[in-house]
Amino acid sequence: MNINFKKIKNTIIFSIVLLLFGCNTPSEKHLELEAAQASLDKNLEMYKKVWDEIFNNRNLDLINEESFDANVVALATSDGDIEGLENFKAYYSNYIIGFSDAELIFVDLFGQGDKMVKHWRFKGTHDGLFFGVPATGKKVDISGTTLIKMKDGKIAEEQDFMDFLSFYTQLGLM
């Protein structure tokens, strides 16, 4: 029995090369995942930039059709859902007017597909009218979470969760 070790060695090397290069061939699924991740990364970047500008630079004009879906919705507010750009803008203007030094800090922002989650911190001095409540002069420092849905690269829906008891207590209203 004559064993050709050179032939066996070449066959093993060829098999390893096929395995290595075959695994790195981009499949349709791999390309779809890369495209989805690129879309998510773009949404995350845009979202952070828009809300930084709205709160930290007091630019409510960014609540527009370039960044927000025309039928944008803020879910589960005490007065019901806020629907449409103008209502959404009026709702969030309460924070800018009520807290002239309002600061929105992104603790974390992540997502999957068209859904994102923002962990945030809000700080400011209540020195203006806030949803009809006259200025208390009190400082607030609260944190919360926002569930976000994107649609065609625009913000379509948001739902905020925070400890309202702590918020109202800090305002001196409880």
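Residues numbered from 1 in each chain as written. Predicted model: local features only at pLDDT ≥ 70, side-chain atom pairs only at ≥ 80, totals over all residues. Heavy atoms only, no water.

Engineer: Is there a simple way to explain the pattern of salt bridges in this structure?
Structural biologist: Any two side chains of opposite charge can pair, so long as their charged atoms come close to each other. Enumeration according to the criterion identifies four salt bridges in this entry. Among the ionic pairs, lysine 89 bridges to aspartate 61, the shortest N-O distance being 3.3 Å. Residue lysine 89 is found in helix H3 (residues 85-98), and its partner aspartate 61 is found in the loop between helix H2 (28-56) and strand E1 (68-77); the two are separated by 28 residues along the sequence. (Salt bridge = Lys/Arg side-chain N within 4 Å of Asp/Glu carboxyl O. Helix = DSSP H or I, 4+ residues; strand = E, 2+ residues; numbered from the N terminus.)

Engineer: Please clarify how the nonpolar core should be interpreted in this entry.
Structural biologist: Grouped burial of nonpolar side chains is what soluble globular proteins tend to show. With 37 residues, the main nonpolar core has Trp51, Phe55, Phe68 and Phe122 as its most contacted residues. Mapped by element, the contributors of at least two residues to this core are H2, E1, H3, strand E3 (103-112), strand E4 (115-125), strand E5 (139-151) and strand E6 (154-162). No other element matches the eight residues that H2 contributes to this core. Setting aside anything within four residues of it in sequence, one finds phenylalanine 122 in contact with Phe55, Tyr95, Phe99, Ala102, Glu103, Val140, Asp141 and Ile142. (Core = buried A, V, L, I, M, F, W, Y, C linked by side-chain atoms within 4.5 Å. Buried < 20%, exposed > 50% of the residue type's maximum accessible area, 1.4 Å probe, protein only. Contact = heavy atoms within 4.5 Å.)

Engineer: I tried to follow a nonpolar patch on the surface on my own but got confused; where do I start?
Structural biologist: Side chains of Phe164, Leu165, Tyr168, Leu173 and Met174 sit close together on the surface and give an oily, nonpolar patch of about 510 Å² of accessible area. Mapped onto the fold, tyrosine 168 is located in helix H4 (residues 164-170). (Patch = residues over 30% accessible without salt bridge, like charges linked within 9 Å, V, L, I, M, F, W, Y side chains within 5 Å. Areas by Shrake-Rupley, 256 points an atom, 1.4 Å probe, with all protein chains shown as cover.)

Engineer: Teacher, can you tell me more about the side chain of glutamate 158 here?
Structural biologist: Looking at the element boundaries, glutamate 158 is found in strand E6. Within the buried set, glutamate 158 has no salt-bridge partner at all; the shortest N-O distance to an opposite charge, 4.7 Å, is to lysine 118. Only 2.7 Å separates the side chain of glutamate 158 from the side chain of tyrosine 47, close enough to count as a polar contact. In terms of polar contacts, glutamate 158 uses its side chain to reach the side chain of tryptophan 51, at 3.0 Å. (Lys, Arg positive; Asp, Glu negative; His and termini not counted. Polar contact = N/O pair within 3.5 Å; in protein donor to acceptor, adjacent residues only side chain to side chain.)

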